[in-house]
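# Structural features, examined
The residues making up each chain are set out below.
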Amino acid sequence: MEDRYLKNIKQPSDLGYLSDAELEALAGEIRGVLIDTVPHTGGHLASNLGVVELTIALHRVFKSPRDKIIWDVGHQIYVHKLLTGRYKDFRTLRSQGGLSGFARPTESEHDIFFSGHSSTSISSAFGIAAANAINDDRSYTVAVIGDGAMTGGLAYEALNNVGHADKSRLIIVLNDNAMSISENVGSVARYLAVMRSKPGYFKMKALTERIINKIPIVGKSISSTLFKSKTRLKNLIYRSNFFEDMGLRYMGPIDGHNIRQVCEALEGAKLVGKPVLLHINTVKGKGYNPAEKSPSRYHGLSRQDNSPNEPCANGSCYSEEFGTFLCQQASKDKRICAITAAMSLGTGLKRFSQDYPDRFFDVGIAEEHAIPFALGLSAGSMLPVFVVYSTFLQRCYDQIFHDAALQGRKIVIAIDRAGFVGEDGETHQGLYDVALLNGIPDISVYSPATYGELRNCFVRAFYHVGGVVAVRYARGAEFRIPEDFTPSYGDFDVYGDPDADTAIVTYGRIFSFAAQARNALLQEGKSIKVIKLNAVKPMPSGAVEAALGCKRVFFFEEGIRSGGMGEHFALLLSERAYEGEYILKAVPDCFVAQGSVSEQLARYGLDTDGMIKTLKGENPGNE
Ligand SMILES: Cc1ncc(C[n+]2csc(CCOP(=O)(O)OP(=O)(O)O)c2C)c(N)n1
């Protein structure tokens, strides 16, 4: 009996054999699989529970992969995976070598683009639709975008472009559950709340009930003439709304948990002959009480088999430590403001948002906006800190260059999730920020290893260093630091014999592994010093000095090699006529696939064992 229908869905076309009642039963089975699996694998439970019926309807009405379905962010793609031949492997979700938690074209022809970052779906779907129009390809392209992702500016750049493209067979499904990770924010959210509560479709449906008889999910398709009359009626009801003003056809809002109604609407959207936005209302966490009650808590779950390197395993983590520290500072300094781009929970800002609502700004999924907004706050004599995951900071390259560094004003950037992030994989790794910031003038970058250093770096960032100051720290908890290490809280520390002729240069949490590797080799009679950088930009000249006399320098870097600390340090050494050898272990020029943080550190030789091997010459260097 278990998964009676789901196990027989080998490809989306198999849905065509199921009756309305069987589709409902299938939805129940899918919910069961999600609720059973995701707490173990970790991942986005609430978002997926909310799109069960929508995904069934999409695959019922469209012919994937000929018709292309593009999921914005891609965190809500599990149901799509279950219906596109990946049910059997679903338990491998987010583990090393297993199914990704996002869209991965390498995994299935039904996943169109790699995804993980928000608000891109309308642009890329429109590109496909535009190409199809040129090639006389009559297939459909569907972008599924959440109301949270609709707060990202990129979505509006796309709508601006889509609005005058009459011929495109593009359907945008706005999956409105009133939630981003936390409650959705801003004017768009307010506007959608008004739209959501209007009985548009139903009223329209009642008006046309006499003309259109019961429309089955498949079979008899709605006649174009009838649909057009429906649209005309709807336009009488809604003379204008934002999307129609932008040049799209607007349909909705409809109940996104009613498979029949969603199928009808999608069939209708196919007949419109110009880009359509279909607004559906869904409930985040639908069908699982705890998730319906606390959708934010169930937005993203961590794996159940947490290793000690996972977030808050020891009761705290860098994000929480940062959040607590910021609240303490804010109570003393009324200028401190915190900005988040829809990530208040993950970045430890929840308490700040409650204690200092006037100085807390959730700008929506709008990282690009956050930086110039911080600039404005700074110009208005405030002390802004933009708290952002390393991977999402990538969106802000030009803003950091033009709206921050060039202006010379004080802006603090707290870069969370710097380093390997684990199960989210390629799209979410925090391995690129050092290289990215290295190329921008007049920025200071700190990379503390411990909670104590983290607090100290922020004090320096707020009060002792000018211009743009970034402090970067990892996902999860601090690693163990040897008891005989006493931090200087300066730009760098030297751990071990300062006269050793072998040096390790490193920064951030993996100092812990470097220190352990050094101590293990000390037992074997090898003398090594660890130069631990706290400031990675500008590079402390004393640290270069400390490495100059060594015969061998090993760089261990939890970040991309190109443009990173190691390359830069090595150049400074060679400029100072360094005559010894150096070996650079960092992440090579690649995208780093999912796995646990420990697996990823081991994969690139950046755990204690890997470092010992490299130090002994058993690992190839300079990868
Ligand atoms: C550029 C970027 N910033 C932040 C995130 C983190 N993030 C992932 S999902 C999400 C909320 C998306 O909300 P919505 O689109 O409404 O989808 P829902 O989960 O509510 O279905 C956020 C902020 C991201 N993926 N990309």
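Placed above this text is the structure.
What you see is a predicted model, and the numbers here were worked out from it, not measured in a lab. (Residues numbered from 1 in each chain as written. Predicted model: local features only at pLDDT ≥ 70, side-chain atom pairs only at ≥ 80, totals over all residues. Heavy atoms only, no water.)

## So, the state of the cysteines
Taken as a whole and assessed by the stated rule, the structure comprises 0 disulfides. Here C327 stays free of any disulfide, with the sulfur of C337 as its closest cysteine sulfur at 13 Å. A relative accessible area of 3% places C327 in the buried class. (Disulfide = S-S within 2.5 Å. Buried < 20%, exposed > 50% of the residue type's maximum accessible area, 1.4 Å probe, protein only.)

## Describing the sheet that holds strand 6 (residues 336-340)
Strand pairing in a sheet takes place through backbone hydrogen bonds and is either antiparallel or parallel in direction. Pairing within the open sheet is mixed, and its 7 strands lie in the order 7-6-8-9-11-10-15. The sheet terminates laterally at strand 7 (360-362) and strand 15 (535-537), the two strands that pair on one side only. Pairs of neighbouring strands in the sheet enclose a mean axial angle of 20 degrees, with direction left out of account. Of the strand pairs in this sheet, strand 6 and strand 8 (residues 383-389) are connected by 5 bridges, and their pairing is parallel. Its bridge partner lying in strand 8, A338 is registered against V385. Most of the contacts of helix 15 (residues 367-379) go to strand 8, to which it runs at about 165 degrees, and overall it touches strand 6, strand 7, strand 8 and strand 9 (411-416). (Pairing = 2+ DSSP bridges. Helix = DSSP H or I, 4+ residues; strand = E, 2+ residues; numbered from the N terminus. Axes fitted to C-alpha atoms, helices over the stretch in contact; angles between N-to-C directions. Contact = heavy atoms within 4.5 Å.)

## Examining the packing of aromatic side chains
Evaluated as defined, the whole model comprises 26 aromatic pairs. A centroid spacing of 5.8 Å and a plane angle of 65 degrees characterise the contact between F62 and Y140, whose relative ring orientation is edge-to-face. Linking F62 in the loop between helix 3 (52-61) and strand 1 (68-71) with Y140 in the loop between helix 5 (121-134) and strand 2 (141-146), this pair joins segments that are 78 residues apart in sequence. Summarising the burial analysis for this pair, F62 and Y140 share the class buried. A centroid spacing of 6.2 Å and a plane angle of 70 degrees characterise the contact between F458 and Y473, whose relative ring orientation is edge-to-face. Here the residue F458 occupies a position in helix 19 (residues 451-463), and Y473 occupies one in the loop between strand 11 (468-472) and strand 12 (492-496), the gap between them amounting to 15 residues. The pair F458 / Y473 is uniform in exposure class, with both members buried. Positioned over the ring face of F62 is K270, at 5.4 Å from the centre of the ring. (Phe/Tyr/Trp six-rings, centres within 6.5 Å; stacked < 30°, edge-to-face > 60°. Lys NZ or Arg CZ within 6 Å of the ring centre and 35° of its normal.)

## Description of the pattern of salt bridges
The final tally for this structure, using the stated rule, is 21 salt bridges. The shortest N-O distance in the salt bridge between D491 and R460 comes to 2.6 Å. With D491 in the loop between strand 11 and strand 12 and R460 in helix 19, the pair connects residues that are 31 residues apart, well separated along the chain. Overall, the relative accessible area of 16% leaves R460 in the buried class. The partner of E524 in a salt bridge is K526, with the nearest N and O atoms 3.6 Å apart. Owing to a relative accessible area of 45%, E524 belongs among the partly exposed residues under this scheme. Each of K81, R86, E107 and D111 takes part in a single network of salt bridges with overlapping partners. (Salt bridge = Lys/Arg side-chain N within 4 Å of Asp/Glu carboxyl O.)

## Some thoughts on a positive patch on the surface
Taken together, the side chains of R4, K7, K10 and K88 make up a positively charged region of the molecular surface. Along the chain, K88 turns up in the loop between helix 4 (78-83) and helix 5. (Patch = residues over 30% accessible without salt bridge, like charges linked within 9 Å, V, L, I, M, F, W, Y side chains within 5 Å. Areas by Shrake-Rupley, 256 points an atom, 1.4 Å probe, with all protein chains shown as cover. Lys, Arg positive; Asp, Glu negative; His and termini not counted. Charge placed at Lys NZ, Arg CZ, Asp CG, Glu CD.)

## Focus on the site of the ligand
In the vicinity of the ligand there are 22 residues, among which S47, H75, G148, K284 and E367 approach most closely. G116 has a polar backbone atom sitting 2.9 Å from a nitrogen atom of the ligand. Between the ligand and the protein, one listed contact pairs an oxygen atom with a backbone N or O atom of G148 at 2.7 Å. Protein contacts shield 98% of the accessible area of the ligand, which totals 590 Å² for the unbound molecule. Each of domain 1 (6-284) and domain 2 (318-432) gives at least three residues to the shell around the ligand. (Near = heavy atom within 4 Å. Polar contact = N/O pair within 3.5 Å; in protein donor to acceptor, adjacent residues only side chain to side chain. Domains from an automatic or database assignment.)

## Considering the packing of helix 21 (residues 541-548) against helix 22 (residues 565-575)
Interhelical geometry of helix 21 versus helix 22 gives an angle of 65 degrees and a closest axis separation of 10 Å. When the axis of helix 21 is compared with that of helix 22, the two are roughly perpendicular. Relative to helix 22, helix 21 is oriented so that their crossing is right-handed. In this structure, helix 21 contributes A543, V544, A547 and L548 to the contact, and helix 22 contributes F569, L572 and L573. (Parallel < 35°, antiparallel > 145°, perpendicular 65-115°, else oblique. Left-handed = near helix turned anticlockwise from the far one by under 90°.)

On their own, these measurements won't tell you what the molecule is for.
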